[in-house]
Amino acid sequence: MEFGDLTYQRMRADVANLGHIENKRGVKILGLVGFGMMKNVEIVLDASQSELRLYKVDKEGKRTNSKSAGIKSDYTQTIEGNGNILFLKGMIAGKNLNFCFDTGAETNAINCDANKTVLSTLTITRRIELKGAGNAKSEVLFGRMNDFTMGGKKISDMETIVTNLRSLHEAYNTTIDGMLGYNFLEQGVITINFVKRQFDIQFTKGAEK
Amino acid sequence: MKLFRYILVLGIVWLSLSANAQFNPDKICRIDDNQVIFTINLKWTENERKELSNLFDLDSALISQVFAGKTTIEYGGETWMVKKLKYPLVELSKPILTTVQDGMNENDIFLVIDRWMNFGGTVAENPAVWGVNDFTIGNAFVYTSGRASFYLPGFEKAKKVYLAGSFNNWSTTKTPMNRASSGWAINIPLEPGKYTYKYIVDGRWITDPVNRKTERDWEGNRNSVLLCPNHVFNLKGFLKAKKVVVTGNFYNWNQKGVEMMRNSEGWSLPVYLREGTYAYKFLVDGKWMTDPANPSVRKDAGGNENSFLEIGEPFLFKLNGFTTAEKVVLTGSFNYWSRNELLLNKTSTGWELPYVVAPGNYEYKFIVDGKWMPDPENPFTIGKGELTNSLIALKANYIFELNGFENAKSVLVTGNFNGWNRDGYKMSFENGKWILPLNLRPGKYIYKFIVDGKWILDPANKLYEANEYGTDNSVLWIE
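Since the structure is predicted, the reported quantities are computational estimates derived from the model, not experimental observations.

Draft legend 1. Just the overall build of chain A, in detail. Assigned secondary structure in chain A consists of four helices and 16 strands. In chain A, which comprises 209 residues, the share counted as buried stands at 46%. By sequence separation, contacts in chain A at least 24 residues apart represent 55% of the contacts at least 6 residues apart.

Draft legend 2. Local environment of the overall build of chain B. Across its full length, chain B holds four helices and 41 strands. Pairs at least 24 residues apart make up 63% of the contacts formed inside chain B by residues separated by at least 6 positions. Carbon and sulfur atoms make up 52% of the accessible area of chain B, which amounts to about 26,100 Å² in all.

Draft legend 3. Spotlight on a nonpolar patch on the surface. Residue and element names in this part refer to chain A. Residues Met1, Phe3 and Val33 make up a contiguous nonpolar surface patch of roughly 280 Å² in combined accessible area. Mapped onto the elements of the fold, Phe3 is located in strand 1 (residues 2-3). Judged by its relative accessible area of 36%, Phe3 is partly exposed.

Draft legend 4. Structural detail: the packing of aromatic side chains. Residue and element names in this part refer to chain B. Scanning the model with the defined rule gives 36 aromatic pairs over all chains in all. Ring geometry for Phe334 against Tyr355: centres 5.5 Å apart, planes inclined by 55 degrees, an arrangement best described as tilted. In this pair, Phe334 is assigned in the loop between strand 26 (328-332) and strand 27 (342-343) and Tyr355 in strand 29 (residues 350-355), connecting sequence segments 21 residues apart. Like Tyr355, Phe334 is buried. The ring of Phe67 carries the charged tip of Arg49 above its face, separated from the ring centre by 3.8 Å. A cation over an aromatic ring shows up here: Lys94 above the ring of Trp80, its NZ or CZ 5.6 Å from the ring centre.

Draft legend 5. The pairing of strand 16 (residues 231-236) of chain B, seen in detail. Residues and elements named next belong to chain B. In strand 16, alternate side chains face the same way, and those of His231, Phe233 and Leu235 are buried while those of Val232, Asn234 and Lys236 on the opposite face are not. Bridge count between strand 16 and strand 20 (residues 266-273): six bridges; the pairing is antiparallel. When the sheet's bridge partners are listed, Lys236 is paired in strand 20 with Gly266.

Draft legend 6. Spotlight on helix 3 (residues 60-67) of chain B. Residues and elements named next belong to chain B. Looking only at helix 3, the buried set comprises Leu62, Ile63, Val66 and Phe67. Burial along helix 3 is one-sided: seen end-on, the buried residues are contained in an arc of 140 degrees. Where helix 3 is buried, its residues contact strand 2 (35-41), helix 2 (46-56), strand 3 (72-75), strand 4 (78-84) and strand 5 (89-95). Regarding helix 3, its N-cap is Asp59, as a side-chain oxygen of that residue lies 3.0 Å from the backbone nitrogen of Ala61 further along. Just downstream of helix 3, Gly69 is the residue with a positive phi angle, here 95 degrees.

Draft legend 7. A look at the pattern of salt bridges. Tallying each qualifying case throughout the model produces 18 salt bridges over all chains. Arg144 of chain A serves as the salt-bridge partner of Asp26 of chain B, at 2.9 Å between the closest nitrogen and oxygen. With one member in each of two chains, Asp26 of chain B in the loop between helix 1 (2-20) and strand 1 (29-32) and Arg144 of chain A in strand 10 (residues 137-145) form a pair that bridges those chains. The partly exposed category is assigned to Asp26 of chain B, whose relative accessible area is 32%. For Lys384 of chain B, the salt bridge goes to Asp423 of chain B, with nearest N and O atoms at 4.0 Å. In this pair, Lys384 of chain B sits in the loop between strand 32 (381-382) and strand 33 (389-394) while Asp423 of chain B sits in the loop between strand 35 (411-415) and strand 36 (428-430), placing the two residues 39 residues apart along the sequence. Its relative accessible area of 57% is what places Lys384 of chain B among the exposed residues. What you see here is one network of salt bridges that share partners, running through Arg127, Glu129 and Glu139 of chain A together with Glu78 and Lys94 of chain B.

Draft legend 8. Highlighting the sheet that holds strand 34 (residues 398-403) of chain B. All names here are of chain B. Pairing is antiparallel in the open sheet, where three strands are placed in the order 34-37-36. Looking at which strands have only one partner, the edges of the open sheet turn out to be strand 34 and strand 36. Here the average twist between neighbouring strands, direction ignored, is 35 degrees. Across six bridges, the pairing between strand 34 and strand 37 (residues 433-438) is antiparallel. Following the sheet pairing, Ile399 is matched in strand 37 by Pro437.

Draft legend 9. Focus on the nonpolar core. If you look at the biggest cluster of nonpolar residues, it comprises 61 residues, and the most contacted ones within it are Phe101, Phe148, Phe184, Ile192 and Phe199 of chain A together with Phe38 of chain B. When residues no more than four places from it in sequence are discounted, the contact partners of Phe199 of chain A are Tyr75, Thr76, Gln77, Ile79, Leu86, Leu88, Phe101, Phe184, Ile190, Thr191 and Ile192 of chain A. Formed by 24 residues, the second largest nonpolar core is a distinct cluster that contains Ala148, Ala158, Ile206 and Val210 of chain B.

Draft legend 10. Representation of the confidence of the model for chain B. Residue and element names in this part refer to chain B. With 88% of its residues at a pLDDT of at least 70, chain B reaches an overall mean of 87. This model gives residues 13-20 a pLDDT under 50, and the stretch forms three contacts once residues within four places in sequence are excluded. Segment residues 118-124 is flagged for pLDDT under 50; beyond a separation of four residues in sequence, or across chains, it makes 17 contacts in the model.

Draft legend 11. Seen up close, the environment of Ala128 of chain B. When you line up the elements, Ala128 of chain B lands in the loop between helix 4 (106-117) and strand 6 (130-131). For the pair Ala128 of chain B and Leu273 of chain B, spaced 145 residues apart in the sequence, the C-alpha separation amounts to 8.2 Å.

Draft legend 12. Just the sheet that holds strand 5 (residues 75-78) of chain A, in detail. Residues and elements named next belong to chain A. With respect to topology, five strands assemble into an open sheet ordered 4-3-15-16-5, the strand pairing being antiparallel. Single-partner strands in this sheet number two, and they are strand 4 (51-56) and strand 5. Going from strand to strand, the sheet's axes swing by 15 degrees on average, the running direction of each strand aside. In the sheet, strand 15 (residues 188-193) pairs with strand 16 (residues 198-203) via six bridges, with the strands oriented antiparallel. Looking across to strand 16, one finds that Ile190 is bridged to Ile201.

So, how was this worked out
- The residue numbers shown here count from 1 along each chain, following its written sequence.
- Just so you know, chain letters begin at A and ligand numbers begin at 1, following the order they were written in.
- Per-residue local features of the predicted model are confined to residues with pLDDT of at least 70, and side-chain atom pairs are confined, for both listing and counting, to 80 or more; whole-chain, interface and lining totals are unaffected and use all residues.
- Side-chain numbers come from the whole structure's heavy atoms, not from hydrogens or water.
- A helix here means a DSSP run of H or I that spans at least four residues, while a strand means a run of E at least two residues long, and both kinds are numbered starting from the N terminus.
- Burial classification: accessible surface area is computed with a 1.4 Å probe over protein chains only, and a residue below 20% of its type maximum counts as buried, one above 50% as exposed, and the rest as partly exposed.
- Every residue pair with non-hydrogen atoms within 4.5 Å of one another is taken to be in contact.
- Note on areas: Shrake-Rupley with a 1.4 Å probe; residue coverage comes only from the protein chains shown.
- Patches draw on residues past 30% relative accessible area with no salt bridge. Two like charges within 9 Å are joined, as are two nonpolar side chains (Val, Leu, Ile, Met, Phe, Trp, Tyr) within 5 Å.
- Should a side-chain nitrogen of Lys or Arg be within 4 Å of a carboxyl oxygen of Asp or Glu, the pair is scored as a salt bridge.
- Under the pairing criterion, centres of Phe, Tyr and Trp rings, with the six-membered ring standing for Trp, must be within 6.5 Å; the plane angle then separates stacked pairs below 30 degrees from edge-to-face pairs above 60, leaving the rest tilted.
- Remark: a charge is flagged as sitting over a ring if the NZ atom of Lys or the CZ atom of Arg is within 6 Å of the ring centre and within 35 degrees of the ring normal.
- Any two strands with at least two DSSP-identified bridges between them are counted as paired.
- Here the arc refers to the directions that run from the helix axis out to each C-beta atom.
- Whenever two N or O atoms come within 3.5 Å, that pair is a polar contact, provided that in protein one can donate a hydrogen and the other can accept it, and provided that, for residues adjacent in sequence, both atoms are side-chain atoms.
- Lines fitted to C-alpha atoms define the axes, with helix axes restricted to the stretch in contact, and inter-axis angles between N-to-C directions lie between 0 and 180 degrees.
- To define a nonpolar core, start from buried Ala, Val, Leu, Ile, Met, Phe, Trp, Tyr and Cys residues and group those joined through side-chain atoms within 4.5 Å.
- By definition, pLDDT measures how confident the predictor is in each residue, and it falls between 0 and 100.

Right, dumping it as structure tokens:
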């Protein structure tokens, strides 16, 4: 398999039904590219230009065939954890929160068990009630984060879902306070380098008037 | 002077009260101390209450109790408290449901989260029926001979400005703007219709500052809205009139109407109207009148005369026979099942009516002297028994086909295009195969055939996918 100059051989792949993604997105999908293929490259995500750039890197994580120096980072963080999941540190209402970064999710999410002060800073614009067997019920809220900061940079008006993320705790085997998705991604240019184990973001959205 | 001051104070009070009554979804709901709190204005109209109910999934019965002045409401197994604030505001609250209770299917929750989180925004919107532009300056948008000129004033220090919208698939790079005098401009070809758009000024998305017309998309983002008109309402003369508006079935005959603009010869209003048939009238300083320049005037069943306007090609609805009937009415999903709007004309062999409807799939019936019946000549139907409606696909672009099964009594095709209706659409056996033509917009469709009650995949379609029942669904892509 080839992506431009990047060649992969003897890749492992699962065969799965991806119809549900097609049904939601309304586009034909032949397959999904997993993180396994991204482990030995530097990934640059630039949503404002709708661009994904991949750079080959050497063993130290330095780009091998590119003269461009990379982005000017506004916030740098070491990638912790066991590898494939990227945890980011954000702050709402002065509280440190542990987010996982999911580039495939459209919207952010906050666990409704989060700190009271954190929840009170949100603007709620939609709500849905779900009924289960008997009188069992749960609710999912949708709104905006008004007081989110990362590395000292305030990002206002990011959309978020407020719900119970217990199942995510189990899936990631750690406490998470929320999830950052596409509308975090579009705040700037993001670089992910799994060799250096480093995450960088240069904020570009709303930077100048 | 004192009286004037009094009036001024009253005026300010009235202004602040009416401002309070404004419905702003951003200011309704918040979370505080583990409570979900809704700030509700008791002056909200019926429509605003409905929107409140839709946005926050609050049952209308619950909302009615709030408006009836109850302070504690037991509803849906929860206790809701109503706290009075300064009239007309009240706060409705209840504890946030954080825990997933026993009996709750976590998968259901996941599905909602998944739908909200992964909404790609690529789902085709329903085409707009009509609309007019509302720009604050005259040269901000000009539409002539199929070309649209956009002008964004200001931002002279910006390095790059792009135009992104529904017309270029929200591309961030396809449509760069050019520098123009005191601003930015671009001229692009556009078909008549409604579009949403934004400008990207040095990477920052903004709505058009000189366009008053905006709408929220599904995710709550605000976009600017523009219309490329395909019709101009004109009324010559009446230059001494203070206000002239046009209204019609496209605007639910709202008496407020759409304000027309005065020019040297009279009044005019460019509009976009989707293909279809429209009844309309002018209101000149509150006085109703038909369009004097339009010879097409019809009486509705109430005896009122209205001007008629057709955009697009008509389809001839026909009912053979019934020559002794006194009145035959056509009714369907295209006119909200109105019982008296569309009278058929009597011919020597039966009844007919040429009628323009936008491309799409419609259900309809005839009402012959008060008796409802499906079209006897049309084999395509949905529903069963008395609830059977005829189905017509205008500008059909796809035909479902099932070969063989010549001895089957009933063959239906059903899928996500008709909400998986178990009683339709009924197919017709012609030239050795069962067929059904439909108008399908681009996208992905999943479907199955039901042959004498048995659900089967389309044997001629290799493309299928698993469904939640462990049986499969056939898949169809319309490009």
